[in-house]
Amino acid sequence: MTKDYYGVLGVDKKASKDNNKKAFRKLARKYHPDVDPGDKASEQKFKEINEAYEVLSDSKKRQQYDQFGHAAFDQGFGQGAGTGQGFEGFPGGAEQFGARGFEDIFGNMFGERVRPRGPRKGEDITYAVEVDLEDAIFGKTMQVDLRRDVTCSACGGSGAQPGTSRRTCPTCMGSGSVSQGRGFMQMAQPCPTCHGEGTINPNPCRTCGGSGVIPKSERINVKIPPGVDNGSKVRMAGLGGPGEKGGPPGDAYIVTKVRAHPYFERKGDNLYSEAAVTVKEAALGEKIEIPTVDGMVSLSLPEGVQTGQQLKLRGKGVPHLGGGGVGDHYVTIKVVTPTGVSERGKELLQELDHMHPSNPRREITFRGFRKRT
Ligand SMILES: [Zn+2]
Ligand SMILES: [Zn+2]
């Protein structure tokens, strides 16, 4: 499915969490399979709504979706080789949904709010950034656009218009839940009036519309330290989602993905590259110039070096994240056979073979498996 999630919910790109939730609930009520069993179109629509909401209700996923689109949830996206901390996958496929019923969805949604809660720290928000290998090695200050909700300063997050206050919910008398059923089958349900909050808000704050939060976009400078790899996290304290009921805001995490480099391959703190050498250079063990991340470096080949041999350039790799040494650069040798050899060249090669007779295949005396029929 490659639908626009905002379009599916019919909300604006800047819609707040509350707006998304309202839109989702409205649509979910309309299209839930229990409403019109067997209606395939509704069922499909319901899957789409659910998928869209799973992404847009989660700040982390929403940010990834905004930045990378559906690709953000493709398998393998941003999977880190080094740290194993890759981006989290996207668990909510449409297929998974079938088993979940009406109660599951709305139950969960309210369930977490059955008891009025105290102050809570805001949620952490993850932002994915891509950096070049050079920046991963030397560090970089980069600009990141943060988009989050912050506590409304007009009402202090209560959602009540200044000068007014929230009131105890008349339905549940502040408990946040109501009882349903008879006898010993009584079950506590989230209060339908206050959705478990225990209070109602008769005069919503005009600045935030009663949600207690306002969206904030901000461009900040983030210092990417030397040594980051795929999945490395840079914490920006206090720049996450708003705290609830006076709690502190969450944190923002800048998660790095390092772009592949055409010349250097990275594994952890080490770098790898290949160097093509001539037969002469390999046989005589000459000095060759090797590109490294610190520029050209002279490397002395050992006499008679062979294709596939790895030579180490100490300390020319990636600095360890957070300090503690620098990795190495390994150069894999590839001996290049001369082509288009002239008559004179052929003579010289023959002569060379006579002077230094060698049979690299002398160990091999295999007779074959059996006769073909
Ligand atoms: Zn407000
Ligand atoms: Zn209530």
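Residues numbered from 1 in each chain as written. Chains lettered and ligands numbered in written order. Predicted model: local features only at pLDDT ≥ 70, side-chain atom pairs only at ≥ 80, totals over all residues. Heavy atoms only, no water.

J.: Explanation requested: the overall build of the chain in the structure shown.
T.: Helix and strand content of the chain: nine helices and 15 strands. The buried share of the chain, taken over its 373 residues, is 36%. Restricting to contacts in the chain with at least 6 residues of sequence separation, those with at least 24 account for 64%. Accessible surface computed for the chain: about 22600 Å², of which carbon and sulfur atoms make up 50%. (Helix = DSSP H or I, 4+ residues; strand = E, 2+ residues; numbered from the N terminus. Buried < 20%, exposed > 50% of the residue type's maximum accessible area, 1.4 Å probe, protein only. Contact = heavy atoms within 4.5 Å. Areas by Shrake-Rupley, 256 points an atom, 1.4 Å probe, with all protein chains shown as cover.)

J.: Would you mind showing me how to read the sheet that holds strand 1 (residues 125–131) here?
T.: Through backbone hydrogen bonds, the strands of a sheet pair up, either in parallel or in antiparallel fashion. The sheet built from three strands is open, its strands ordered 1-9-8 with mixed pairing. Here the strands that pair on one side only, and so sit at the sheet edges, are strand 1 and strand 8 (233–236). With direction set aside, neighbouring strand axes in the sheet form an average angle of 25°. Here seven bridges tie strand 1 to strand 9 (residues 252–258), and the two strands are oriented parallel to one another. (Pairing = 2+ DSSP bridges. Axes fitted to C-alpha atoms, helices over the stretch in contact; angles between N-to-C directions.)

J.: What's the story with the sheet that holds strand 10 (residues 265–267) in this structure? I'm lost.
T.: Read across the sheet, four strands follow the order 10-11-15-14 without closing on themselves; strand pairing throughout is mixed. Edge positions in the open sheet fall to strand 10 and strand 14 (310–313), since each of these has one partner strand only. Each adjacent strand pair in this sheet contributes to an overall mean axis angle of 35°, direction not counted. Inspection of the sheet shows strand 11 (residues 270–278) paired to strand 15 (residues 329–336) by eight bridges, in the parallel sense.

J.: Please clarify how the coordination of the zinc ion (ligand 2) should be interpreted in this entry.
T.: Six octahedrally arranged donors around a metal ideally form angles of 90 or 180 degrees; four tetrahedrally arranged donors ideally form angles of 109.5 degrees. At this site the zinc ion (ligand 2) is bound by Cys169 (SG), Cys172 (SG), Cys191 (SG) and Cys194 (SG), with donor distances of 2.2 to 2.3 Å. Seen from the zinc ion (ligand 2), its four donor atoms lie at angles of 103 to 114°, and the figure they make is tetrahedral. Each donor residue of the zinc ion (ligand 2) lies on one chain, and together they are spaced C-x2-C-x18-C-x2-C. A single burial state applies to Cys169 and to Cys172, both of which are buried. (Donors = N, O, S within 2.8 Å, 3.2 Å for Na, K, Ca; no water. Tetrahedral: all angles 85-135°; square planar, octahedral: opposite > 155°, others 65-115°.)

J.: Can you walk me through the environment of Pro226 in this structure?
T.: Within the secondary structure, Pro226 is located in the loop between strand 7 (213–224) and strand 8. Of the residues examined, Pro226 reaches a relative accessible area of 37% and is grouped as partly exposed. Note: C-alpha distance between Pro226 and Lys140 (86 residues apart in sequence) is 7.7 Å.

J.: Which parts of the structure should I look at to understand the packing of helix 3 (residues 40–56) against helix 4 (residues 59–68)?
T.: Each packed pair of helices is defined by two parameters, the angle between the axes and the distance between the axes. Across the interface, helix 3 lies against helix 4 with an axial gap of 6 Å and an inter-helix angle of 100°. If you check the angle between helix 3 and helix 4, you find them roughly perpendicular. Contacts between helix 3 and helix 4 involve Glu54, Val55 and Leu56 on the former and, on the latter, Lys61, Arg62 and Tyr65. The residue makeup of the contact of helix 3 with helix 4, split by class, is three nonpolar, no polar and three charged. (Parallel < 35°, antiparallel > 145°, perpendicular 65-115°, else oblique. Nonpolar A, V, L, I, M, F, W, Y, C, P; charged D, E, K, R; others polar.)

J.: Please explain the coordination of the zinc ion (ligand 1) as it appears in this structure.
T.: Of the protein atoms, only Cys152 (SG), Cys155 (SG), Cys205 (SG) and Cys208 (SG) coordinate the zinc ion (ligand 1), at distances of 2.3 Å. Classification of the site at the zinc ion (ligand 1) as tetrahedral follows from its four donor atoms and the range of 102 to 116° in their angles at the metal. Mapped onto the sequence, the donors of the zinc ion (ligand 1) take the spacing C-x2-C-x49-C-x2-C. On the basis of relative accessible area, Cys208 is assigned to the buried category, the value being 11%.

J.: Help me understand the layout of surface pockets in this model?
T.: Gaps between atoms show up when a probe of the same size as a water molecule is rolled over them. In this structure, the second largest pocket occupies an estimated 410 Å³ of space. Lining of the second largest pocket is provided by Val279, Thr337, Pro338, Val341, Leu349, Leu352, Asp353, His356, Ser358, Asn359, Pro360 and Arg362. Of all the elements, helix 9 (residues 343–355) adds the most residues to the lining of the second largest pocket, at three residues. Partitioned by chemical class, the residues of the lining of the second largest pocket number six nonpolar, four polar and two charged. (1 Å grid on protein atoms, 1.4 Å probe; cavity = no way out; pocket = protein on both sides within 12 Å on 5 of 7 lines; lining within 4 Å. Points joined across faces, edges and corners; volume = space filled by probe spheres on them.)

J.: Would you mind showing me how to read the packing of helix 2 (residues 17–31) against helix 3 here?
T.: Contact geometry of helix 2 with helix 3 gives a least axis separation of 9 Å together with a crossing angle of 160°. Looking at the two axes, helix 2 sits roughly antiparallel to helix 3. Between helix 2 and helix 3 lies a crossing whose hand is left-handed. Mapping the contact onto sequence places Asn20, Lys21, Phe24, Leu27, Ala28 and Tyr31 in helix 2 and Ser42, Lys45, Phe46, Ile49, Asn50, Tyr53 and Leu56 in helix 3. Split into classes, the residues belonging to the contact of helix 2 with helix 3 amount to eight nonpolar, three polar and two charged. (Left-handed = near helix turned anticlockwise from the far one by under 90°.)

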